Amino acid sequence: QEEVQKTASGRSMVDGASKIEDGHKTEVNRKIVTEFCDKVLIGGQYHLVPDYISSEEYIQHSPAVEDGIRGFQKFTQDLDAKGLAMRYKKIHKLLVQGNFATTLSEVQMDNEDWCIIDIYRLKKGKIVEHWDVIEKIGPKETWNNSGKF
């Protein structure tokens, strides 16, 4: 994905916290992110967002999403209003260490398939920071390997 200089949050796509903490919370954080992905991203239960994303602190590095839980909700509502709803089809990988979790997901948006890597930082049982990298999956005949997944 090309780096975007002017993001909705005013943050860069690559700055932010990077120190792994809370090693003893790895499995708890795995459960939180798994439930968030299953219920919200795949299940479409966006009313549950406050159960997983902090309303006090949510730092966003995704180019089109503003900071705060309202920024996330506005982004998903705007996509829906444009008929471009982002539907996570499957989480292919989930890696968690301490307060960081990373997912590799297959997503459909505007009837096109995408590969998305989401990186989450958690604190006190909630997601407080998010980064992502997205790439459109082209037709199979253009692949140079067996595919993204």
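These lines cover the structure that appears in this document, whether it is placed above or below. Numbering of residues starts from 1 in each chain and follows the order in which that chain's sequence is written. Only residues with pLDDT of at least 70 are given local features in this predicted model, and only at 80 or more are side-chain atom pairs given and counted; all residues enter the totals for whole chains, interfaces and linings. Think of the side-chain values as coming from all heavy atoms in the structure, minus any hydrogens and water.

### Here we look at the overall build of the protein chain
Here is step 1: What the protein chain contains, in helices and strands, is three helices and five strands.
Here is step 2: The helix count covers DSSP runs of H or I at least four residues long, the strand count covers runs of E at least two residues long, and both are numbered beginning at the N terminus. Counted from the first residue to the last, the protein chain has its helices and strands arranged as α-α-β-α-β-β-β-β.
Here is step 3: Scaling as 2.2 N^0.38, a compact globule of 149 residues should have a C-alpha radius of gyration of about 15 Å, and the protein chain matches this with 15 Å.
Here is step 4: For the C-alpha atoms alone, the extent of the protein chain along its principal axes is close to 45 × 30 × 30 Å.
Here is step 5: Within the span of the protein chain, comprising 149 residues, buried residues form 40% of the whole.
Here is step 6: Residues count as neighbours in contact if any of their non-hydrogen atoms are within 4.5 Å of one another. If you take every contact in the protein chain between residues at least 6 apart in sequence, the share linking residues at least 24 apart comes to 49%.
Here is step 7: Carbon together with sulfur atoms contributes 49% to the accessible area of the protein chain, which is approximately 8,800 Å² in total.
Here is step 8: Once the 21 positive and 24 negative side-chain charges of the protein chain are each reduced to a mean point, those two points are 4 Å apart. Throughout, the radius of gyration refers to the C-alpha atoms, and the reference size of a globule is 2.2 Å times the residue count to the power 0.38. Think of it in three bands: residues with accessible area under 20% of the maximum for their type are buried, residues over 50% are exposed, and the middle band is partly exposed, with areas taken using a 1.4 Å probe on protein chains only. To be clear on the numbers: accessible area is Shrake-Rupley with a 1.4 Å probe, and residue cover counts the displayed protein chains and nothing else. We count Lys and Arg on the positive side and Asp and Glu on the negative side, and we leave His and both chain ends out. Taken as the charge centre is NZ of Lys, CZ of Arg, CG of Asp or CD of Glu, depending on the residue.

### Observations concerning the sheet that holds strand E3 (residues 100-109)
Here is step 1: Pairing between strands is defined by DSSP: at least two bridges between the two strands are required. Overall, mixed pairing links the five strands, which are arranged E1-E5-E4-E3-E2 in an open sheet. A strand with exactly one partner marks an edge of an open sheet, and here the two such strands are strand E1 (59-60) and strand E2 (86-97).
Here is step 2: With 10 bridges connecting them, E3 and strand E4 (residues 112-123) associate as antiparallel partners. Across the sheet, Thr103 pairs through a bridge with Asp118, a residue of E4.
Here is step 3: Where helix H1 (residues 26-42) meets the sheet, it contacts E2, E3, E4 and strand E5 (126-136), and its direction lies at approximately 175° from that of E2. Only the stretch in contact is used when fitting a helix axis, every axis being a line fitted to C-alpha atoms; angles between N-to-C directions are given from 0 to 180 degrees.

### Some points on the pairing of E4
Here is step 1: Remark: two residues form the turn of the hairpin made by E3 and E4, two consecutive strands paired antiparallel; Asp110 in that turn has positive phi of roughly 55°.
Here is step 2: Where E4 meets E5, 10 bridges bridge the pair, whose relative direction is antiparallel. Bridge pairing links Cys115 to Glu135 in E5.
Here is step 3: Between E4 and E5, which follow one another and run antiparallel, lie two residues, and Lys124 among them has a positive phi close to 55°.

### What to know about the pattern of salt bridges
Here is step 1: Just to be clear on terms, a salt bridge is a Lys or Arg side-chain nitrogen sitting within 4 Å of an Asp or Glu carboxyl oxygen. Scanning all chains against the criterion turns up 11 salt bridges.
Here is step 2: Between Arg30 and Glu27 there is a salt bridge, with the nearest N and O atoms lying 2.9 Å from each other. Placement of the pair is Arg30 and Glu27 together in helix H1, with a separation of three residues, close to one helical turn.
Here is step 3: Close ionic contact of Glu57 with Arg121 constitutes a salt bridge, the shortest N to O distance being 3.7 Å. Placement of the pair is Glu57 in the loop between helix H2 (49-52) and E1 and Arg121 in strand E4, with a sequence separation of 64 residues.
Here is step 4: On the basis of relative accessible area, Glu57 is assigned to the partly exposed category, the value being 24%.

### Re unusual backbone geometry
Here is step 1: One non-glycine residue with positive phi stands out, namely Asp110, at about 55°.
Here is step 2: Counting through the fold element by element, Asp110 comes out in the loop between E3 and E4.
Here is step 3: The partly exposed category is assigned to Asp110, whose relative accessible area is 43%.
Here is step 4: Here Asn111, not a glycine, exhibits a phi torsion of approximately 60°, which is positive.

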